[in-house]
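The primary structure of each chain is shown beneath.
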Amino acid sequence: QVQLVESGGGLVQAGGSLRLSCVASGIVFTIGDMDWYRQAPGKQRELVARISSGGDTNYADSVKGRFTISRDNGKKAVYLQMNSLKAEDTAVYYCAVERMTTNRGPQLNTWGQGTQVTVSS
């Protein structure tokens with residue numbers, strides 16, 4: 001089964017930047033929409049950003065103008081550049097893919113293990 005492996009989280013001061021990466025490991029032929037979600041303590045998981053296979057993007061209102069999602073189809077990767085970070089951005093960030101085509105056929109609803117982002121004020 002193809003897994004999503006995230007990296008890039010950490011501790012940063014308010015106003016700083018971080019770049020998250022997520023790479024699909026295994027034999028993958030196509031990947032559909034790629035998403036970044038986050039979940040803060042005591043809150044529901046929320047969609048932060050989405051990028052389609054064609055490069056169209058959508059963002060949560062809370063991150064528009066500060067976060068940028070991008071993907072590299074050749075590397076089977078999605079990235080989240082986070083600038084002007086705020087304390088309220090503190091959360092565990094997850095990448096997710098609704099559908100991908102692998103050497104074993106379609107694989108649905110794949111999630112990464114999560115990476116912690118902590119923004120100190």
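Let me begin by describing the structure that accompanies this report. (Residues numbered from 1 in each chain as written. Predicted model: local features only at pLDDT ≥ 70, side-chain atom pairs only at ≥ 80, totals over all residues. Heavy atoms only, no water.)

1. Some points on the sheet that holds strand β9 (residues 77–82)
In spatial order, the strands read β1-β3-β9-β8; together these 4 strands make up an open sheet with antiparallel pairing. Every other strand in the sheet has two partners, leaving β1 (3–7) and β8 (67–72) as the edge strands with one partner each. Strand after strand, the sheet turns through a mean of 15 degrees between neighbouring axes, direction not considered. Summarising the sheet, strand β3 (residues 18–25) and β9 pair through 6 bridges and their orientation is antiparallel. Within β9, the position partnered with C22 by the bridge is V78. (Pairing = 2+ DSSP bridges. Helix = DSSP H or I, 4+ residues; strand = E, 2+ residues; numbered from the N terminus. Axes fitted to C-alpha atoms, helices over the stretch in contact; angles between N-to-C directions.)

2. Remarks on the nonpolar core
Side chains that are nonpolar tend, in soluble globular proteins, to be buried together. Within the largest apolar cluster, 30 residues are counted, with the highest numbers of intra-cluster contacts made by W36, V48, F67, V78, L80, M82 and Y93. Looking at this core, the elements that each hand over two or more residues are β3, β4 (28–31), β5 (34–39), β6 (46–51), β8, β9, β10 (91–102) and β12 (115–120). With 5 residues, β10 is the largest single contributor of residues to this core. Once residues within four sequence positions are removed from consideration, L80 is found in contact with L18, R19, L20, W36, V48, A49, F67, T68, I69 and Y93. (Core = buried A, V, L, I, M, F, W, Y, C linked by side-chain atoms within 4.5 Å. Buried < 20%, exposed > 50% of the residue type's maximum accessible area, 1.4 Å probe, protein only. Contact = heavy atoms within 4.5 Å.)

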